[in-house]
Amino acid sequence: MNHKTVLEPCIGGGHMVDGIVNYCLEKDMNPILIGTDFKDRGYDNIRCNIQYDLDFLADDYPINMANIIVMNPPYATLEPFLIRALEIAKDYLVVLCRTQVIEGEGRYNNIFTDNPPTYIYQYVNRIQCWRNGEKPTGSSAQAYCWLVWDKSQLGAEPILRWIKRSEEY
């Protein structure tokens, strides 16, 4: 992943980017990390080029290509985020989302018919997303999965795998 560009277009509080940075450090990788958001929530990381006041869905969004996009997009705008990310991601798109995203006739017709994910990693236990920098406690009623598009394998039938969340989080 050296010299590849990794984009997180909805950086929020930076939790996803922190995970990416830690992973890259553990694996001795040195990608160009870019994080953007339409709102400055005070996140900062010296290993990531962070730009605020940028709307991923706007016509003037300055980044039109990234090797890898990793994101947990806002649920209300998930479909346009997926469509845009599939256009910009050169190699991979990795999305943390509610499992219910893979159902629904609209998303099926607008996204999954022509662009099915390569992998669906379904959590076997419920995870909770951090809010405002606070580690969640307890369990969630919401099921989550990772959708992964490997752009070199577009059109293949998705492969379903089950994963467990880390006990650290």
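None of the values given here were measured: they were computed from a predicted structure.

Would you mind showing me how to read the environment of Pro9 here?
Here Pro9 shows up in the loop between strand 1 (5-8) and helix 1 (15-26). Owing to a relative accessible area of 2%, Pro9 belongs among the buried residues under this scheme. Distance from Pro9 to Ile50, taken between C-alpha atoms, is 9.7 Å for residues 41 residues apart in sequence. Filtering out sequence-adjacent residues up to four positions away, Pro9 remains in contact with Thr36, Asp37, Phe56, Tyr61, Ile69, Val70 and Met71.

How should I be thinking about the packing of aromatic side chains in this particular structure?
How two aromatic rings sit relative to each other is given by the distance of their centres and the angle of their planes. Applying the stated criterion across every chain yields a total of four aromatic pairs. Ring centres of Phe56 and Tyr61 lie 5.1 Å apart, and the angle between their planes is 85 degrees; on these two criteria the pair is classed as edge-to-face. Like Tyr61, Phe56 is buried. What links up through ring pairs into an aromatic cluster is the set Phe56, Tyr61 and Phe81. Directly above the aromatic system of Phe56 lies the positively charged group of Arg84, at a separation of 5.8 Å from the ring centroid. Directly above the aromatic system of Tyr75 lies the positively charged group of Arg98, at a separation of 4.2 Å from the ring centroid.

Hey, could you run me through the pattern of salt bridges in this one?
A pair can form between side chains of opposite charge whenever their charged atoms are brought close. Applying the stated criterion to the full structure yields two salt bridges. The residue Asp91 makes a salt bridge to Lys4 at a minimum N-O spacing of 3.4 Å. Taken together, the positions of Asp91 in strand 5 (residues 89-98) and Lys4 in the segment before strand 1 put the pair 87 residues apart, joining distant regions of the chain. Here Lys4 falls in the partly exposed class, since its relative accessible area comes to 31%. When the shortest N-O distance is used, the salt bridge between Arg41 and Asp37 registers 2.9 Å.

About the criteria used
- Residues numbered from 1 in each chain as written.
- Predicted model: local features only at pLDDT ≥ 70, side-chain atom pairs only at ≥ 80, totals over all residues.
- Heavy atoms only, no water.
- Helix = DSSP H or I, 4+ residues; strand = E, 2+ residues; numbered from the N terminus.
- Buried < 20%, exposed > 50% of the residue type's maximum accessible area, 1.4 Å probe, protein only.
- Contact = heavy atoms within 4.5 Å.
- Phe/Tyr/Trp six-rings, centres within 6.5 Å; stacked < 30°, edge-to-face > 60°.
- Lys NZ or Arg CZ within 6 Å of the ring centre and 35° of its normal.
- Salt bridge = Lys/Arg side-chain N within 4 Å of Asp/Glu carboxyl O.

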